[in-house]
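# Residue-level structural notes
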Amino acid sequence: MTDPGLPDDILACLFDLDGVVTKTAVVHAAAWKEMFDAFLRERDGDAFRPFTDADYDEYVDGRPRADGVRTFLASRDVELPEGERDDPPDARTVHGLGNRKNELLLAKIRTDGVEAYDTTLRYLAAVRARGLRTAIVSSSANCRDVLRSIGAEDLFDVRIDGVVAAERGLPGKPEPDTFLAAARDLGVEPSRAAVFEDALAGMDAGRAGHFGYVVGVDRVGQADALYAHGADRVVTDLAELGDDK
């Protein structure tokens, strides 16, 4: 690749994990749906309204786990106690529901494994070969294990994930703090960094952080929404960027 399809002044690339590097976004969505549908069915009985793809895109995708629980429940006018981070997965608390979702996610990953987008791995290798620095920025607390499972940990100079964000007290997407932390750790101004995201919350974070370029990765047919939330360019696959097609 002689041209990565980015502005010439970009020095670093900041990548989301689920839906950009790995094909785990659909697994996350399935785990969220299974958890919320069970909770809502038990709570509402005959008035049960299922958790939808639109709910996932609007309220959950890209957000830290507990934030996703809070935001979706608020959309249904449901209030639960916060609980504690280590609440058991059957606890009727924000953290309990989040831990139930994570339990379901890990079970699905153990059963089906994790698959990477090969075109993204090739793009990562290519931009690194050109001297650009790279970071993974994910709300997932399982980020490091997932990267190791696909042999991609060495493709990133910096990792800002759910574990690091909790340690540093960083609010998650749609706030820009995790992306800003990645740029800072790389020693690059936000205006010289590109963000690669598939979630609307990630687009909002890229715009709020005044990053130099924001690439929306449209895996589910939401290009218009990605542009509306701040994308400079939307692609269905990173193979569309640059001249290595």
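In this report, the structure presented in the accompanying data block is examined. (Residues numbered from 1 in each chain as written. Predicted model: local features only at pLDDT ≥ 70, side-chain atom pairs only at ≥ 80, totals over all residues. Heavy atoms only, no water.)

A separate point is the overall build of the protein. The number of helices and strands found in the protein is 10 helices and 6 strands. Along the first, second and third principal axes, the C-alpha set of the protein runs to 60 × 35 × 30 Å. Across the 245 residues in the protein, those meeting the buried criterion constitute 52%. Intrachain contacts of the protein at a sequence separation of at least 6 include 61% that bridge at least 24 residues. Separation between the mean location of the 30 positive side-chain charges and that of the 47 negative ones in the protein comes to 2 Å. (Helix = DSSP H or I, 4+ residues; strand = E, 2+ residues; numbered from the N terminus. Buried < 20%, exposed > 50% of the residue type's maximum accessible area, 1.4 Å probe, protein only. Contact = heavy atoms within 4.5 Å. Lys, Arg positive; Asp, Glu negative; His and termini not counted. Charge placed at Lys NZ, Arg CZ, Asp CG, Glu CD.)

Another aspect to go through is the pairing of strand β1 (residues 12–15). In β1, alternate side chains face the same way, and those of A12 and L14 on one face and C13 and F15 on the other are all buried. Sheet topology note: the β1/strand β4 (residues 193–197) ladder contains 4 bridges and is parallel. Paired with A12 across the two strands is A193, which belongs to β4. (Pairing = 2+ DSSP bridges.)

Turning next to the environment of A135. Looking at the secondary structure, you find A135 in strand β2 (residues 133–137). For A135, a relative accessible area of 0% gives the class buried. As for A135 and R168, which are separated by 33 residues in sequence, their C-alpha atoms are 17 Å apart. Those residues in contact with A135, other than ones at most four positions away along the chain, are C13, L14, F15, F156, V158, A182 and L186.

Right, let's talk about the pairing of β2 for a bit. Counting buried residues along β2, 4 of its 5 residues qualify, which places the element largely inside the surrounding structure. Sheet topology note: the β1/β2 ladder contains 4 bridges and is parallel. Following the sheet pairing, A12 is matched in β2 by R133. Examined bridge by bridge, β2 and strand β3 (residues 158–160) share 3 bridges and lie parallel to one another. The residue of β3 that forms the bridge with A135 is V158. For the crossover from β2 across helix α6 (residues 143–149) to β3, the handedness is right-handed. (Right-handed = clockwise from strand over helix to strand, strands pointing away.)

With parallel pairing, the 6 strands of this open sheet are ordered in space as β3-β2-β1-β4-β5-β6. Looking at strand neighbours, the two that pair on one side only are β3 and β6 (233–235), the edges of this open sheet. Strand-to-strand, the axes of this sheet are offset by a mean angle of 20°, without reference to chain direction. When strand β5 (residues 213–217) meets β6, the two strands line up parallel, connected through 3 bridges. Paired with V217 across the two strands is V235, which belongs to β6. Sheet contacts for helix α8 (residues 177–186): β1, β2, β3 and β4; angle to β2, the most-contacted strand, approximately 150°. (Axes fitted to C-alpha atoms, helices over the stretch in contact; angles between N-to-C directions.)

Using the criterion set out here, one finds 19 salt bridges in the structure. The partner of D157 in a salt bridge is R133, with the nearest N and O atoms 3.8 Å apart. With D157 in the loop between α6 and β3 and R133 in strand β2, this pair connects stretches of sequence that are 24 residues apart. Taking the relative accessible area as the measure of exposure, D157 reaches 33% and is therefore partly exposed. Between R207 and D204 there is a salt bridge, and its shortest N-O distance comes to 3.5 Å. Within this pair, R207 and its partner D204 are both found in helix α9 (residues 200–208), separated by 3 residues, close to a single helical turn. (Salt bridge = Lys/Arg side-chain N within 4 Å of Asp/Glu carboxyl O.)

Moving on to helix α1 (residues 25–44). Under the 1.5 Å per step criterion, the end-to-end length of α1 is 27 Å for 20 residues, consistent within 8% with the ideal 28 Å. Among the residues of α1, those classed as buried are A25, V27, H28, A31, W32, M35, F36, D37, F39 and L40. Tucked inside the fold, the buried residues of α1 contact α2 (53–60), α3 (65–75) and α4 (94–112). Just past α1, the residue G45 takes up positive phi, approximately 60°. (Expected span 1.5 Å × (residues − 1).)

It is worth spelling out the state of the cysteines at this point. Cysteine pairs can be linked by a disulfide, which is a covalent bond between their two sulfur atoms. Taken as a whole and assessed by the stated rule, the structure comprises 0 disulfides. Between C13, a cysteine without a disulfide, and C143, which holds the nearest cysteine sulfur, the sulfur-to-sulfur distance is 16 Å. (Disulfide = S-S within 2.5 Å.)

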